Amino acid sequence: MITKEQILHALSHVEEPDLKKDLVTLNMIQNVEILPDKIKFDVVLTTPACPLKGHIEHACRNAIGLFVSKEVEVDINMTSRVVGVDAAQLDGIKNIILVSSGKGGVGKSTVASNLALALAESGAKTGLLDADIYGPSLPLMFGLEGTRPASIQINGKQKIAPVEKFGLKLLSIGFFTDPNQPIPWRGPMATSAIKQLFGDAHWGELDYLVVDMPPGTGDIHITVAQSYPISGAVIVTTPQQVALADTMKGMAMFRMEGINIPIIGIVENMSHFTPAELPDNKYYIFGKDGGKRLAEDNNVPFLGEIPLVKAVADAGDNGFPILLDADEPVVNAFKEIAGRTAQELSILANQVD
């Protein structure tokens with residue numbers, strides 16, 4: 001007879017590659033069931049976006065074959081329970097991810113939008129907050145121009161109901177302003193608006209809230225960093241030197257005393273140009289490996305690179321983000337970055353524990 005103890009002993013030899021502990025110690029093995037002709041159990045990953053899901057399942061099957069029986073059928077349910085940094089619990093939001101850049105024009109909003117979509121596609125409950133008060137782009141990128149969020153009553157208080165589209169909960173100051181008019185607000189007005197988007201919205205239960213920050217290091221960054229429990233920041237840059245210099249300043253801000261937000265990693269956007277008719281060609285218009293070197297020099301993870309592809313810009317302009325087009329090769333780059341982001345957040349949460 002196979003026993004539960006035998007199964008747990010076998011699986012105690014399977015290590016979670018990022019957390020460097022075995023699955024049993026991490027309490028990732030649940031619902032063990034022993035039937036006459038097979039055994040069943042759940043492997044509860046720390047995120048549905050885990051890029052090592054296949055590797056872990058294969059290791060579990062090997063462990064059962066080695067320590068229990070090669071003949072028994074093994075039915076593994078790979079599921080997940082997103083881990084949040086304890087301090088990041090905010091009205092049901094497990095992780096708040098800031099997507100930031102040192103300067104404008106590096107594709108930060110495009111990265112934020114497709115990162116959020118990739119996390120949602122993996123099965124995570126995800127929201128996207130457009131915190132770029134002076135240049136909100138979310139309504140255009142999601143085809144929501146003219147949309148006005150509804151108001152709902154929660155526990156006797158009126159709350160903003162985020163707009164839902166493509167499996168995301170979305171909110172932007174652009175839903176409340178005229179897209180043809182500038183927003184000439186001084187710092188206090190801008191920070192007040194940001195606090196309303198965070199605090200007066202009913203986000204519900206979210207695994208990840210991705211926040212598209214304004215470029216630079218201004219009032220809004222300080223307000224968000226000091227007012228809300230942030231899990232970490234994803235930094236977007238291009239390979240060119242002028243962008244890297246500003247990116248350094250942005251990273252330094254998050255590391256300042258009183259802010260101290262972990263850097264999840266760096267994304268290098270527009271890493272190279274690949275023409276649609278020559279998919280194997282790479283032209284390094286803005287330089288090569290600048291983001292990768294910056295990550296190495298600052299001892300932070302390099303999350304990945306995104307090529308300069310016309311289809312990405314066209315998709316944003318058409319209100320149908322590129323991640324929704326499964327035929328585009330660049331989609332895999334965004335999915336890999338989402339997986340690495342979720343991976344690094346799990347590691348950070350484990351370090352806090």
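Residues numbered from 1 in each chain as written. Predicted model: local features only at pLDDT ≥ 70, side-chain atom pairs only at ≥ 80, totals over all residues. Heavy atoms only, no water.

Within an unreviewed UniProt entry, the label attached to the protein chain reads Iron-sulfur cluster carrier protein, and the organism entered is Sphingobacterium corticibacterium. Entered under Function (unreviewed entry) in the UniProt record, the comment concerning the protein chain runs "Binds and transfers iron-sulfur (Fe-S) clusters to target apoproteins. Can hydrolyze ATP." The record in UniProt for the protein chain states the following under Subunit (unreviewed entry): "Homodimer." (UniProt positions renumbered as here; feature names shortened; annotations may be inferred.)

Glancing now at the sheet that holds strand S5 (residues 73-80). Taken in spatial order, the 3 strands of this open sheet run S3-S4-S5, and their pairing is mixed. Of all the strands in the sheet, the pair left with one neighbour each is strand S3 (29-34) and S5. Recorded for the sheet is a direction-independent mean angle of 15 degrees between the axes of neighbouring strands. Examined bridge by bridge, strand S4 (residues 38-45) and S5 share 8 bridges and lie parallel to one another. Within S5, the residue paired with Lys-40 across the bridge is Asp-75. (Pairing = 2+ DSSP bridges. Helix = DSSP H or I, 4+ residues; strand = E, 2+ residues; numbered from the N terminus. Axes fitted to C-alpha atoms, helices over the stretch in contact; angles between N-to-C directions.)

With that settled, the discussion passes to empty space enclosed by the protein. With the rule as written, the count across this model stands at 1 cavity of 30 Å³ or more. Its volume calculated, the largest cavity comes out at about 40 Å³. Taken together, Glu-16, Asp-18, Thr-46, Thr-47, Cys-50, Gln-343 and Ser-346 make up the full set of residues lining the largest cavity. The class makeup of the residues in the lining of the largest cavity is 1 nonpolar, 4 polar and 2 charged. (1 Å grid on protein atoms, 1.4 Å probe; cavity = no way out; pocket = protein on both sides within 12 Å on 5 of 7 lines; lining within 4 Å. Points joined across faces, edges and corners; volume = space filled by probe spheres on them. Nonpolar A, V, L, I, M, F, W, Y, C, P; charged D, E, K, R; others polar.)

Looking now at the domain arrangement of the protein chain. Once the domains are mapped, the protein chain shows domain 1 (4-80) and domain 2 (93-351). Each of domain 1 and domain 2 was reduced to a C-alpha centroid, and the two centroids are 34 Å apart. Every contact between the two is made by 10 residues of domain 1 and, on the other side, 12 residues of domain 2. Here domain 1 and domain 2 share an interface that buries about 840 Å² over both sides, 59% of which is from carbon and sulfur atoms. Put simply, domain 1 and domain 2 have 3 residue pairs in polar contact (both at pLDDT 80 or more) between them. Of the residues belonging to the side of domain 1 that touches domain 2, the class tally is 6 nonpolar, 2 polar and 2 charged. (Domains from an automatic or database assignment. Contact = heavy atoms within 4.5 Å. Buried area = accessible area lost by both parts, 1.4 Å probe. Polar contact = N/O pair within 3.5 Å; in protein donor to acceptor, adjacent residues only side chain to side chain.)

Let's shift gears to the packing of aromatic side chains. This structure, assessed with the given rule, holds 4 aromatic pairs. Judged by centre distance (6.1 Å) and plane angle (40 degrees), the rings of Phe-142 and Phe-166 are tilted. Here Phe-142 is found in the loop between helix H4 (138-141) and strand S8 (150-154), whereas its partner Phe-166 is found in the loop between strand S10 (163-165) and strand S11 (168-172), with 24 residues between them in sequence. Residue Phe-166 is classed as partly exposed on the basis of its relative accessible area of 28%. (Phe/Tyr/Trp six-rings, centres within 6.5 Å; stacked < 30°, edge-to-face > 60°. Buried < 20%, exposed > 50% of the residue type's maximum accessible area, 1.4 Å probe, protein only.)

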